[in-house]
Amino acid sequence: MTTDTILDLLINLLPTIIVGAIAYYFFKEHIANENNRRRFLLQRNMQKESLPIRLQAYERMALFLERISPSKLLTRIHPTSSNKEDYESLLIATIEQEFEHNLSQQIYVSDECWNVIRGAKNATIQLIRKGTMQEKTDTANKLREVVLTDLMDKQAPSNTALAFIKEEVGNMW
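Residues numbered from 1 in each chain as written. Predicted model: local features only at pLDDT ≥ 70, side-chain atom pairs only at ≥ 80, totals over all residues. Heavy atoms only, no water.

## Description of the packing of helix α1 (residues 3–68) against helix α4 (residues 111–133)
Applicable threshold: Only the stretch in contact is used when a helix axis is fitted, and all axes are lines through C-alpha atoms; the angle between N-to-C directions ranges over 0 to 180 degrees. Helix numbers and strand numbers start at the N terminus; a helix is a DSSP run of H or I with at least 4 residues, a strand a run of E with at least 2. In these notes the angle categories are as follows: under 35 degrees is roughly parallel, over 145 is roughly antiparallel, 65 to 115 is roughly perpendicular, and the rest is oblique. Crossing handedness: left-handed means the near helix sits turned counterclockwise from the far one by under a right angle, and right-handed means the same turn made clockwise. In what follows, a contact means two residues having at least one pair of non-hydrogen atoms within 4.5 Å. Lys, Arg, Asp and Glu make up the charged group, whereas Ala, Val, Leu, Ile, Met, Phe, Trp, Tyr, Cys and Pro make up the nonpolar group; the residues left over, Gly among them, are polar.
Their axes nearest at 10 Å, the elements α1 and α4 cross at an angle of 15°. Considering the angle they form, α1 stands roughly parallel to α4. Of the two elements, α1 crosses α4, and the hand of that crossing is left-handed. Contacts from Tyr58, Met61, Phe64, Leu65 and Ile68 in α1 reach Cys113, Trp114, Ile117, Ala120, Lys121 and Thr124 in α4. Split by residue class, the contact of α1 with α4 holds nine nonpolar, one polar and one charged.

See below:
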């Protein structure tokens, strides 16, 4: 083969190579777009199915926060005796039981939201313990009074967490 023959062959093959490269590029882009479209449709379907479950989890956590709100907790759970330590234990056990009942909901809420909810639970327990440690608290009924009086000056921890949940659910749309 001479150089002229090789050059003619290359000139004839050049359009074929260019068409092949362009076809490869377009098929590659088409396949990538199809994969992205399928991924989007799958994600949209999963989101459509998971949104009601997530909303239900937020509802359950809102109910939990309402139930551990000190004002509602103290009116719902009456002391069994006049011993303040027994009443404190009963209140804390009730809060922990409510929390354990809703532990699985952490899968569906954001980590930040879950931390706020846990913080509200712990702050409520601390509020009750702080009320028990005060010197003027000598009976279970006095403990109820002290905790409720403390809440007159500030907002309950569960109300702060509930506001956070409302904001997070509002941002889901």
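## Things to note about the packing of aromatic side chains
We apply this condition: Under the pairing criterion, centres of Phe, Tyr and Trp rings, with the six-membered ring standing for Trp, must be within 6.5 Å; the plane angle then separates stacked pairs below 30 degrees from edge-to-face pairs above 60, leaving the rest tilted. Burial classification: accessible surface area is computed with a 1.4 Å probe over protein chains only, and a residue below 20% of its type maximum counts as buried, one above 50% as exposed, and the rest as partly exposed. Geometrically, a charge over a ring is one whose NZ (Lys) or CZ (Arg) sits within 6 Å of the ring centre while staying within 35 degrees of the ring normal.
On inspection of all chains with the given rule, the structure shows three aromatic pairs. A centroid spacing of 5.8 Å and a plane angle of 50° characterise the contact between Phe64 and Phe99, whose relative ring orientation is tilted. In this pair, Phe64 sits in helix α1 while Phe99 sits in helix α3 (residues 84–101), placing the two residues 35 residues apart along the sequence. A relative accessible area of 8% places Phe99 in the buried class. Over the ring of Phe99 we find Lys121; its NZ or CZ atom is 4.6 Å from the centre of that ring.

## Observations concerning the pattern of salt bridges
Applied cut-off: What counts as a salt bridge is simple: a side-chain nitrogen of Lys or Arg found within 4 Å of a carboxyl oxygen of Asp or Glu.
For the coordinates displayed, the defined rule picks out seven salt bridges. Close ionic contact of Glu96 with Lys121 constitutes a salt bridge, the shortest N to O distance being 3.1 Å. Residue Glu96 is located in helix α3, and its partner Lys121 is located in helix α4; the two are separated by 25 residues in the primary sequence. Classification of Glu96 as partly exposed rests on a relative accessible area of 26%. What makes Lys121 buried here is its relative accessible area of 7%.

## Describing helix α5 (residues 140–153)
For clarity, the threshold we go by: Taken from the helix axis, the directions to the C-beta atoms give the arc we talk about.
Residues of α5 that are buried: Ala140, Leu143, Arg144, Val146, Val147, Asp150 and Leu151. Relative to the axis of α5, the buried residues are bounded by an arc of 165° and lie together on one face. Along α5, the residues that are exposed and aim more than 90 degrees away from the buried face are Met152 and Asp153. The secondary structure elements touched by the buried residues of α5 are α2 (70–76), α3 and α4.

## Examining the side chain of Lys84
Our working rule: Charged-residue counts in this description rest on Lys and Arg as positive and Asp and Glu as negative, His and the chain ends being excluded. Throughout this description, a polar contact denotes any pair of N or O atoms lying within 3.5 Å of each other; where both atoms belong to protein, one of them has to be capable of donating a hydrogen while the other can accept it, and for residues adjacent in sequence the pair is counted only when both atoms sit in side chains.
Here Lys84 lies in helix α3. Glu85 is the oppositely charged side chain nearest to the buried, salt-bridge-free Lys84, at an N-O distance of 4.3 Å. For Lys84, the side chain forms a polar contact with the main-chain oxygen of Thr137, separated by 2.8 Å. Other than its neighbours up to four places away in sequence, Lys84 contacts Thr132, Gln134, Thr137, Asp138, Thr139, Ala140 and Leu143.

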